[in-house]
Amino acid sequence: MPIVTHLHGAHVTPESDGNPEAWFLPAAKNIPSGYATRGSHWDQIAGAADEQGTATFQDPNDQAATTLWYHDHALGMTRTNVYAGLARFLSHKGRALRSS
């Protein structure tokens, strides 16, 4: 099943934003030869390992305390995957405050 994680409300770069066409498939052994295993907008963060069936996302945690939520964002499958439970809240405690 294609999947890509989309985090609402976070300060992330485009590679970590969960573009609907940046999906990837698991590293399964039964995927037919020639079958696409990554979407047309899939991209890996510079320096991260490029392993089949995985993706690396970065959230710099550089914002004030807030409640974020993330869910699958694969093109044409978001609703079905969210209904199936691929969505969660994330409590962000916020960056350390600097004294002036």
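It should be noted that the structure appears before, not after, this text.
Residues numbered from 1 in each chain as written. Predicted model: local features only at pLDDT ≥ 70, side-chain atom pairs only at ≥ 80, totals over all residues. Heavy atoms only, no water.

*Asks:* I'd like to hear about the side chain of His71, residue by residue, with values.
*Replies:* Inspection of the secondary structure puts His71 in strand β2 (residues 66-72). Within the structure, His71 has its side chain in polar contact with the side chain of His8 (distance 2.9 Å). Not counting chain neighbours up to four residues away, the residues in contact with His71 comprise Val4, Thr5, His6, His8, Thr78, Val82, Leu86 and Ala87. (Helix = DSSP H or I, 4+ residues; strand = E, 2+ residues; numbered from the N terminus. Polar contact = N/O pair within 3.5 Å; in protein donor to acceptor, adjacent residues only side chain to side chain. Contact = heavy atoms within 4.5 Å.)

*Asks:* Tell me what's going on with the pattern of salt bridges, and back it up with residues and numbers.
*Replies:* Counted according to the given criterion, the structure contains one salt bridge. Residue Arg38 is joined to Asp50 by a salt bridge in which the shortest nitrogen-to-oxygen separation is 2.5 Å. A residue pair is termed long-range when its members are at least 10 positions apart, and Arg38 in the loop between β1 (5-8) and β2 and Asp50 in the loop between β1 and β2 qualify at twelve residues. On the accessibility criterion, Arg38 (22% relative accessible area) is partly exposed. By relative accessible area, Asp50 is classed as exposed at 52%. (Salt bridge = Lys/Arg side-chain N within 4 Å of Asp/Glu carboxyl O. Buried < 20%, exposed > 50% of the residue type's maximum accessible area, 1.4 Å probe, protein only.)

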